[in-house]
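Understanding the architecture of this molecule
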Amino acid sequence: MSKKKKLVKPELYILNVLGEDYSTTLTNKYKNRKPYSPYTHKHITSFIPGTIKKVFVEKGDEVISGQKLLILEAMKMDNEIITNISGKIKKVFVKSGQMVSKNELLIEIS
Amino acid sequence: MHGALQGGGEKAIEKQKATGKMTARERILTLLDSDSFHEYDLFVEHAGKDFDMDKKYLPGDGVVTGTGTISGYPVCIYAQDFTVAGGSLGYMHAKKIAKIMDHAMKLKVPLIGINDSGGARIQEGVNSLAGYGEIFYRNTLASGVIPQISVILGPCAGGAVYSPALTDFVFVVDKISKMFITGPEVIKTVLGEDISMEDLGGAKVHAEITGNAHFYAESELECFDQIKKLVSFIPWNNTKKAEPFPIKQPKTKQYKISELFPTDSKKPYDVRNIIKAICDDSDFFEVQQMFAANIVVGFARINGQSVGFVANQPMVLAGVLDVDSSDKAARFVRFCDSFNIPLITFVDLPGYLPGIDQEHAGVIRHGAKVLYSYSEATVPKITVILRKAYGGGYIAMCSHHLRADFVLAWPTAEIAVMGPEGAANIIFKNEILNAPNPEEARRKKIEDYKEKFANPYVAAAYGYVDAVIDPLETRNFITHALEISAQKKEDRPIKKHGIPPF
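Here's what I pulled together on the structure shown here. All of these numbers come straight from a predicted model, not from anything done at the bench.

On to the overall build of chain B. Of regular secondary structure, chain B possesses 20 helices and 17 strands. Structurally, chain B occupies a C-alpha span of about 95 × 55 × 45 Å along its principal axes. Summarising the internal contacts of chain B: among those between residues at least 6 apart in sequence, 74% fall at separations of at least 24.

In structure tokens form, the structure reads like this:
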């Protein structure tokens, strides 16, 4: 298999394992791994790809825990997205009619 | 009835060729020794009654089955014929496959399945699903009894993917193989995500990312050569040993350990060159070359005898164990153990890969597979520690504690809980902090630690290492170890089966 491929000098990186620095190459999978972001109720994201059917709030609105924020239509179902915290709407990132992919940031609450 | 040998007819064959594919019968005849193929059930007719299917003639019901040999090695084989109703799996199609599988089990010879099918024959409804179930059940019972090889030469989608997934080795070919549970159209409708068939489940994806495939080829012919090579290393069934080959010396001029192996344990090198410096004819046949390249697994011969190599690869991710490399190694170890192929393990790893993604992906349960499979294995187990063997990684890589039969170490081996820097920083934390010049104190402590502990002799003093050897003696030692353990028999507690951390 490898006979046909040209020899390319591998790109070396430093990988630290338990306090030691090792010179080595990295795999694509390692390079493309997703950085961790802690879960926060302040960020309302789409749990499924779909279409925003309606947005009930706008910037500056005071919301209370349990309040409806928007309707996300996905798989022919209307999903009411509610907030689990009370606070002020910092920014609304989507408009009604807009298609969103999975895990897209929709609304930020401060 | 006549014309069954023509499969789906001229037009369908033309279409098949236009996509760069051979026909089912051509594939079998190319793979097997000439004139060795004996076809079964050519005259089987399909059982579809509904949707006017009873008026249709499907030659051989879309699958070719039979027996033959590969360089004299006997096999039972089936190849789905995409030119007949898209190779779709109906009741009789599945029955033909099940029959040849039963035959393989009875005769105790390997099974090769060539997959090229649009999936279930929807017109036959639940009978088609029953057919898949019968195949999966047989795959499972045959697992560990006869070698099972799956060759994906076309689409293999939905439930159909589970037969290959249950077998020992999956071969894929660039641009031809497609494997997925849910196709791009469904993903598009349901999730709104756009992806091509190739990017979703093409040959490269399975060879590099998912690890579903074990061998990747650029053409069907190359793929058949790989299959021929693989069967030369493995026995017919679990009661036999692989056929010995004439002894050939390694090409030591080309593969000089002294030139290929840096003694500084932080420097990378390609461990495959060390395997090649030691095995017969420097011929190492790598399995899952593109997947989890931080561990290397594959077959080679020592003094003519087939062996399985497992080696940390310092060239990639410093050779760490992680989720993928643990899966890869554990599965390979279990294959070798099932089919009486001795295991040779080369150790050079800093431990497990740190990271939130690894922890959350379950590196605990995946890593445990390595411990499980090595502990469970009763074939001769020979371990050579080349350089670093730190922490849990040292234990996992077939240490004496998991009942390796021989543990050898090169003088460059460092067997410890962790590397000198990490260890010195913890053990001498206060002394370093309170020293007038902490940085200098730290460096001195690291040096002290290195001198005292970064070697094979501490472990050897406890008998965890049997011998410290000159790297150039490695082949001799392994040859001796294999000869002396030819009659090895080790019993395990009687049980129905273990519960490995799958």
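Let's pick the thread back up.
What follows covers the overall build of chain A. Within chain A, the regular secondary structure consists of 1 helix and 10 strands. Walking chain A from its N terminus toward its C terminus, one meets helices and strands in the order β-β-α-β-β-β-β-β-β-β-β. Taking 13 Å as the expected radius of gyration for a compact globule of 110 residues, we find that chain A reaches 22 Å, considerably beyond that expectation. Within chain A, the fraction of its 110 residues that count as buried is 18%. Across chain A, contacts joining residues at least 24 apart in sequence account for 49% of those joining residues at least 6 apart.

This part takes up the sheet that holds strand 9 (residues 99-100) of chain A. Residue and element names in this part refer to chain A. Strand order across the open sheet formed by 4 strands is 7-6-4-9, with antiparallel pairing between neighbours. The sheet is open, and its two borders are formed by strand 7 (77-82) and strand 9, each paired with just one other strand. By the bridge criterion, 2 bridges tie strand 4 (residues 50-55) to strand 9 in an arrangement that is antiparallel. Bridge assignment links T51 to a residue of strand 9, and that residue is M99.

Let us now look at the packing of helix 12 (residues 323-338) of chain B against helix 14 (residues 363-376) of chain B. The angle between the axes and the distance between the axes are what describe a pair of packed helices. Residues and elements named next belong to chain B. Between helix 12 and helix 14, the least distance of the axes is 8 Å, while the angle of their chain directions is 20 degrees. Relative to helix 14, the element helix 12 lies roughly parallel. For helix 12 against helix 14, the interelement crossing comes out left-handed. Counted together, V323, S326, D327, A329, A330, V333, R334 and D337 of helix 12 and V363, H366, G367, K369, V370, Y372, S373, Y374 and E376 of helix 14 form the full contact between these two elements. Of the residues contributing to the contact of helix 12 with helix 14, the split by class is 8 nonpolar, 4 polar and 5 charged.

With that out of the way, let us pick up the pairing of strand 4 (residues 111-115) of chain B. Residue and element names in this part refer to chain B. With respect to burial, strand 4 is a largely interior element, 5 of its 5 residues being buried. Neither face of strand 4 is exposed, since L111, G113 and N115 on one face and I112 and I114 on the opposite face are all buried. Examined bridge by bridge, strand 3 (residues 73-80) and strand 4 share 4 bridges and lie parallel to one another. Paired with C76 across the strands is L111, a residue of strand 4. Each parallel crossover has a hand, and for strand 3 linked through helix 3 (residues 91-107) to strand 4 it is right-handed. As defined by bridge partners, strand 4 adjoins strand 5 (residues 148-152) across 5 bridges and the pair is classed as parallel. Bridged to I114 within strand 5 is V151. The handedness of the strand 4 to strand 5 crossover, carried by helix 4 (residues 126-142), is right-handed.

Here we take up the pairing of strand 7 (residues 169-173) of chain B. Residue and element names in this part refer to chain B. Counting buried residues in strand 7 gives 5 out of 5 residues, a clear majority hidden from the surface. Neither face of strand 7 is exposed, since F169, F171 and V173 on one face and V170 and V172 on the opposite face are all buried. Of the pairings in the sheet, the one linking strand 5 to strand 7 comprises 4 bridges and is parallel in character. Paired with I152 across the bridge in strand 7 is V172.

In this complex, chain A contributes 23 residues to the contact, which on the side of chain B involves 28 residues. When residues of the side of chain A that touches chain B are traced back to their parent elements, those giving at least two are strand 1 (13-17), strand 2 (20-24) and helix 1 (28-31) of chain A. Looking at the side of chain A that touches chain B, its residues break down into 12 nonpolar, 6 polar and 5 charged.

Residues and elements named next belong to chain B. Here K108, not a glycine, exhibits a phi torsion of approximately 60 degrees, which is positive. For K108, a count of 15 C-beta atoms within 10 Å corresponds to the partly exposed category. You will see that A292, though not glycine, has its phi angle at about 45 degrees, which is positive. The topology assignment puts A292 in the loop between strand 10 (285-287) and strand 11 (295-302).

Attention now goes to the environment of A318 of chain B. For A318 of chain B, the location among the structural elements is in the loop between strand 12 (305-312) and helix 12. Residue classification places A318 of chain B among the buried positions, given that 30 C-beta atoms sit within 10 Å. Each C-alpha atom of the pair A318 of chain B and K381 of chain B lies 24 Å from the other, and the pair is 63 residues apart in sequence. Contact partners of A318 of chain B, with chain neighbours within four places excluded, come to L15, V17, Y22 and T24 of chain A together with P350 of chain B.

This part covers the nonpolar core. Residues F171 and I385 of chain B are the most contacted members of the largest nonpolar core, which totals 145 residues. For F171 of chain B, the residues in contact, after removing those within four places along its chain, are S150, V151, I152, F215, A217, C223, Q226 and I227 of chain B. Counting 10 residues, the second largest nonpolar core, distinct from the first, contains I52, L70, V100 and L106 of chain A.

The subject of this paragraph is helix 4 of chain B. Residues and elements named next belong to chain B. Its 17 residues give helix 4 an end-to-end C-alpha distance of 24 Å, which sits within 8% of 24 Å, the value for a rise of 1.5 Å per residue. Those residues of helix 4 that are buried lie in contact with helix 3, strand 4, strand 5 and helix 5 (162-166). G144 sits one or two residues past helix 4 and shows a positive phi near 85 degrees.

Over its 14 residues, helix 9 (residues 220-233) of chain B extends 21 Å from the first C-alpha to the last, a length consistent with the 20 Å expected when each residue adds 1.5 Å. Considered for burial, the residues of helix 9 of chain B that qualify are E220, C223, F224, Q226, I227, L230, V231 and F233 of chain B.

With that settled, the discussion passes to the packing of helix 16 (residues 420-427) of chain B against helix 18 (residues 438-453) of chain B. Residue and element names in this part refer to chain B. It is the contact of helix 16 with helix 18, at a shortest axis distance of 9 Å, that shows an interaxial angle of 115 degrees. Note on packing geometry: the crossing formed by helix 16 with helix 18 is right-handed. Touching P420, E421, A423 and A424 of helix 16 are R442, K445, I446, Y449 and K450, all from helix 18. Its residues assigned to classes, the contact of helix 16 with helix 18 shows 5 nonpolar, no polar and 4 charged.

Below, the discussion takes up the environment of K91 of chain A. Residue and element names in this part refer to chain A. Position of K91 relative to the elements: it lies in strand 8 (residues 87-92). Classification of K91 as partly exposed rests on a count of 13 C-beta atoms within 10 Å. Between the C-alpha atoms of K91 and I107, which are 16 residues apart in sequence, the distance is 5.8 Å. Ignoring any residue separated from it by four or fewer positions in sequence, one finds K91 in contact with K59 and E108.

This part is about the sheet that holds strand 8 of chain A. The pairing of strands in a sheet comes from backbone hydrogen bonds and takes either a parallel or an antiparallel form. Residue and element names in this part refer to chain A. The 4 strands are arranged 3-10-8-5 in an open sheet whose pairing can be described as antiparallel. Single-partner strands in this sheet number two, and they are strand 3 (43-45) and strand 5 (62-63). Sheet analysis places strand 8 next to strand 10 (residues 105-109), joined by 3 bridges and oriented antiparallel. Bridge assignment links V92 to a residue of strand 10, and that residue is I107.

Scoring rules and cut-offs
- Residues numbered from 1 in each chain as written.
- Chains lettered and ligands numbered in written order.
- Predicted model: local features only at pLDDT ≥ 70, side-chain atom pairs only at ≥ 80, totals over all residues.
- Helix = DSSP H or I, 4+ residues; strand = E, 2+ residues; numbered from the N terminus.
- Contact = placed C-beta atoms within 7 Å.
- Rg over C-alpha atoms; globule rule 2.2 N^0.38 Å.
- Buried ≥ 20, exposed ≤ 12 C-beta atoms within 10 Å, placed from the backbone.
- Pairing = 2+ DSSP bridges.
- Axes fitted to C-alpha atoms, helices over the stretch in contact; angles between N-to-C directions.
- Parallel < 35°, antiparallel > 145°, perpendicular 65-115°, else oblique.
- Left-handed = near helix turned anticlockwise from the far one by under 90°.
- Nonpolar A, V, L, I, M, F, W, Y, C, P; charged D, E, K, R; others polar.
- Right-handed = clockwise from strand over helix to strand, strands pointing away.
- Core = buried A, V, L, I, M, F, W, Y, C linked by C-beta atoms within 7 Å.
- Expected span 1.5 Å × (residues − 1).

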